[in-house]
Amino acid sequence: MAPDLERHQHDVLIIGAGGAGLRAAIAASDAGANVGLVCKSLLGKAHTVMAEGGVAAALAHVDERDNWRTHFRDTMVGGKMLNNPRMAELHAQEAPDRVRELEAWGAVFDRTRDGRILQRPFGGHSHPRLAHVGDRTGLEMIRTLQDRAVAAGISVYMECTITHLLTGPNGVAGAFGYWRTDGRSVVFAAKATLLATGGIGKAYEVTSNSWEYSGDGHALAYRAGAELIDMEFVQFHPTGMVWPPGVRGLLVTEAVRGEGGILRNKDGERFMWKYLPEDRRHEYAATDEEAKTWVEAQSAGRTTDARRPPELSTRDNVSRAIYTEVKEGRGSPHGGVFLDISYLPAEHVRRKLPSMYDQFKELADVDITTGPMEIAPTTHYVMGGVRVDADTGATTVPGLFAAGEVSGGMHGANRLGGNSLSDLLVFGQRAGLGAAAYAADRDEAYVDPIQVRQAERELDEPFSTPDGADPYRLREELQATMQSLVGIFRVEADLDQALESLADIRRRAARLCVSGPRAYNPGWNLVFELRNLIDVSEAITRSARQRTESRGAHSRLDYPDTEANWAKLNSVVTRDGETMVVRTAATHEIPADLLEIAKAGGGA
Ligand SMILES: Cc1cc2nc3c(=O)[nH]c(=O)nc-3n(C[C@H](O)[C@H](O)[C@H](O)COP(=O)(O)OP(=O)(O)OC[C@H]3O[C@@H](n4cnc5c(N)ncnc54)[C@H](O)[C@@H]3O)c2cc1C
């Protein structure tokens, strides 16, 4: 290893400073570990900051009938029972404490009349459950966690991209990366390494995700030998902006529907009535009148026996409904449908949805208090991810832990809105503790100089390959492939074609060319993200091809039914040399007591 190479040593290295990474860092530091926290943007800019609608926790402040069992049941039903039941159980049980803890650390949530944390309804949740701060919840969460982490004295490395995990005889021994500010290399030796790198949205053309979501953690873990599970389950959020083109895909929070937003097609039809799954129809209002009573009660902070509106069906279902309306010619002028909240008092809409009001006013010149929004589905979240142990966040590779969106299992085939922020808090804390406990029993990590030299060579290569391919061009091709062939509805022929395209992109991406200096060079940064996007896209496509049924967010036109023989199978992606292998593995058995809870009130 070059003597001038920058090097840092920690007990626990956390890659990612969103909600999961920050919560893990606080927990590991509280447990006595020396913690390093790396992020590729500035601290406070992680994707969590964009979260709008709220954090789900059965606090029962608005409806006292709520409890962890109902939250567990909703999560399992939403995930089509493919969830890791232990994760769903811990999540439902511990989310209220994690939210109260945030409040104790200074987070200022919206309040009920008697001064407790206010909760709003969201799709698939039986009761109003999302603690929120208007529609800027993620900002408050990040601010609070960040203050706490900085006060704990955690070492933070900002604008640093990790490109390789370093491995040794005992598993993962740290990571290698470079500073985005000047391109210099840096090595982190660590007894335990925790991935908290978020999602994969940039694999698609239309996404609500920021530039940071290039699947880095998924790909790093895969290359280090970890298992990726359930990668076919990509969530297409029903409501993204469609106009103007520059903001296509930008999220329109589910809070709009939670506050009473109505979906209509170009003929003015409230189409969601048609798309409610028969086995769950009894949970939704039967008429416009009943839905209206529910909305009025929510707005006034009253409980009601009226059932929730059909727009609050789960995201997978609403997305398919919108897609179908547009495809069958009943869409809006710019290829979406209409979402209308303007029938509620303008002052109420501006108070509950301030960011949405500003977003539409400034970007689309639409006043949502006087007219409808035009929206369509957008790639939003990945349920699949690195397989982890529910209690500790340990992956299948020694020394490697994961938490947050990069991990898999918690949400099964479909995530309920609000369940990600609570996932970050619950499993961020658990993984931080798990990594600290692992590190406490280990000697200093040994960093292999051969791996470091190879990683450095890979950083140099694109500057000395003048005939190499353009990374921007290849990313465009990859995104177009995933958008058109591995989107909301899938068929085998498309998936085969996608695999061929991805293989061709991978071949050309082996020789990439960039120019200019290393400092803040977006083309060069993309070289590493592209490699990750290719791995992640192939994992999604192979898993989607393998699952010959429709379940949750995975819809196969050639296999439209949900099949009993797939009900207890996870998809598992692993690396065998240079080849990606996909297989199935039995899901965790659901203990009898939990199964009873999950099946209560309407079956699975
Ligand atoms: C617009 C929007 C609104 C949302 N609203 C809600 C909501 O209301 N409720 C809810 O529950 N969920 C919501 N979600 C989902 C939720 O915000 C995310 O799932 C969650 O924030 C992910 O958190 P995380 O900690 O796993 O990752 P992130 O917050 O994305 O953090 C990832 C971190 O990893 C770092 N990183 C990534 N790759 C590397 C690398 N190679 N090297 C170094 N660092 C790296 C990044 O810099 C960043 O610091 C929303 C999502 C979007 C897009």
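Keep in mind it's a predicted model, so treat the numbers as computed, not measured.

Chemist: Break down the nonpolar core for me, with residues and values.
Modeler: It is characteristic of soluble globular proteins that their nonpolar side chains tend to be buried jointly. In terms of nonpolar packing, the biggest core is built from 119 residues, with Val99, Phe109, Leu194, Tyr204 and Ile540 touching the most fellow members. Apart from residues lying up to four places away in sequence, Phe109 is in contact with Val55, Val99, Leu102, Glu103, Ile117, Ala131, His132 and Val133. Counting residues in hydrophobic clusters, the runner-up holds 32 residues, among them Leu130, Ala306, Leu339 and Val349.

Chemist: So what about the packing of helix α3 (residues 85-104) against helix α12 (residues 419-440)? Which residues, and what values?
Modeler: For the pair α3 and α12, interaxial distance at closest approach is 8 Å and the crossing angle is 90°. Taken together, the axes of α3 and α12 lie roughly perpendicular to each other. When α3 is examined against α12, the residues Met87, Leu90, His91, Glu94, Ala95, Arg98, Val99 and Leu102 are found in contact with a partner set consisting of Asn419, Ser422, Asp423, Leu425, Val426, Phe427, Gln429 and Arg430. Split by residue class, the contact of α3 with α12 holds eight nonpolar, four polar and four charged.

Chemist: Talk me through the sheet that holds strand β3 (residues 55-56); I want residue IDs and the actual numbers.
Modeler: Here we have three strands laid out as an open sheet, ordered β3-β5-β4, and antiparallel in their pairing. Both edges of this open sheet fall to β3 and β4 (119-120), since each of them pairs with a single strand only.

Chemist: Please set out the site of the ligand residue by residue, giving values where relevant.
Modeler: As a matter of local geometry, the ligand sits amid 40 residues, with His47, Thr48, Gly53, Glu212 and Glu405 nearest to it. Contact distances for the ligand include 3.2 Å between an oxygen atom and a backbone N or O atom of Gly19. Note that an oxygen atom of the ligand is positioned 3.4 Å from one of the backbone N or O atoms of His47. Protein contact buries 99% of the 1000 Å² of open area that the ligand shows by itself. Mapped by element, the contributors of at least two residues to the shell around the ligand are α1 (19-30), β7 (160-168), β14 (373-382) and α12. Top element by residues in the shell around the ligand is α12. It accounts for four residues.

Chemist: Report on α3, specifying residues and quantitative values.
Modeler: Across its 20 residues, α3 extends 29 Å between first and last C-alpha, which sits within 8% of the 28 Å expected from 1.5 Å per residue. In α3, a bend of some 45° at Glu94 exceeds every other bend along the element, and Pro96, a proline, comes one to four places later. Counting buried positions along α3 yields 14 of 20 residues, so the element is predominantly enclosed. One side-chain oxygen at the N-terminal end of α3 lies 3.0 Å from the backbone nitrogen of Arg86; it belongs to Asn84. Phi turns positive, to about 120°, at Gly106, one or two residues after α3.

Chemist: Let's hear about the environment of Gly409: which residues, and what values?
Modeler: Among the secondary structure elements, Gly409 is positioned in the loop between β17 (407-408) and α12. Overall, the relative accessible area of 5% leaves Gly409 in the buried class. Along the primary structure Gly409 and Ala445 are separated by 36 residues, whereas in three dimensions their C-alpha atoms are 29 Å apart. Ignoring any residue separated from it by four or fewer positions in sequence, one finds Gly409 in contact with Asn83, Asn84, Met87, Ile229 and Met383.

Chemist: Describe the pattern of salt bridges, listing the residues and the values that go with them.
Modeler: Tallied over the entire structure, the rule returns 62 salt bridges. Of the charged contacts, one joins Asp66 and Arg129 as a salt bridge, the two residues approaching to 2.8 Å between their closest N and O atoms. On the criterion of sequence distance, the pair formed by Asp66 in the loop between β3 and α2 (68-78) and Arg129 in the loop between β4 and β5 (130-131) is long-range, its members being 63 residues apart. Residue class for Asp66 comes out buried when judged on its relative accessible area of 4%. Two residues, Arg507 and Asp504, come together in a salt bridge whose shortest N-O distance is 2.6 Å. On the criterion of helical spacing, the pair formed by Arg507 and Asp504 is a turn pair, its members being three residues apart in helix α15 (residues 492-509). Taken together, the salt bridges that share partners define one network made up of Asp66, Arg73, Asp74, Arg129, Arg280, Glu283 and Arg308.

Chemist: Tell me about unusual backbone geometry, and please be specific about residues and values.
Modeler: With an omega dihedral of -5°, the bond running from Trp243 to Pro244 counts as a cis peptide bond. With respect to the element layout, Pro244 can be found in the loop between β11 (234-241) and α6 (255-258). Its identity as a non-glycine residue notwithstanding, Glu159 has a phi of 50°, on the positive side. On the secondary structure map, Glu159 appears in the loop between β6 (155-157) and β7.

Chemist: Describe in detail the pairing of β7, supporting the description with residues and values.
Modeler: Within β7, seven of the nine residues are buried, which leaves the element mostly enclosed by the surrounding structure. Here eight bridges tie β7 to strand β8 (residues 171-179), and the two strands are oriented antiparallel to one another. Paired with Leu166 across the strands is Gly174, a residue of β8.

Chemist: Residue-level account of the pairing of strand β21 (residues 579-586), with values.
Modeler: In this structure, strand β20 (residues 569-576) lies alongside β21, joined through eight bridges in antiparallel fashion. Within β21, the position partnered with Val572 by the bridge is Arg583.

Chemist: Got a sec to walk through the sheet that holds β14? Specific residues and values, please.
Modeler: Sheet architecture is open: four strands sit in the order β11-β14-β13-β12, paired in antiparallel fashion. A single partner strand is all that each edge strand has here, and the edge strands are β11 and β12 (262-264). Looking at each pair of strands side by side, their axes are set apart by 45° on average, direction ignored. One ladder, built from six bridges, connects β11 with β14; its direction is antiparallel. If you follow His237 over to β14, its bridge partner there is Thr378.

The rules we used
Residues numbered from 1 in each chain as written. Predicted model: local features only at pLDDT ≥ 70, side-chain atom pairs only at ≥ 80, totals over all residues. Heavy atoms only, no water. Core = buried A, V, L, I, M, F, W, Y, C linked by side-chain atoms within 4.5 Å. Buried < 20%, exposed > 50% of the residue type's maximum accessible area, 1.4 Å probe, protein only. Contact = heavy atoms within 4.5 Å. Axes fitted to C-alpha atoms, helices over the stretch in contact; angles between N-to-C directions. Helix = DSSP H or I, 4+ residues; strand = E, 2+ residues; numbered from the N terminus. Parallel < 35°, antiparallel > 145°, perpendicular 65-115°, else oblique. Nonpolar A, V, L, I, M, F, W, Y, C, P; charged D, E, K, R; others polar. Pairing = 2+ DSSP bridges. Near = heavy atom within 4 Å. Polar contact = N/O pair within 3.5 Å; in protein donor to acceptor, adjacent residues only side chain to side chain. Areas by Shrake-Rupley, 256 points an atom, 1.4 Å probe, with all protein chains shown as cover. Expected span 1.5 Å × (residues − 1). Bend = angle between axes of the 7 residues up to and from the residue. Salt bridge = Lys/Arg side-chain N within 4 Å of Asp/Glu carboxyl O.

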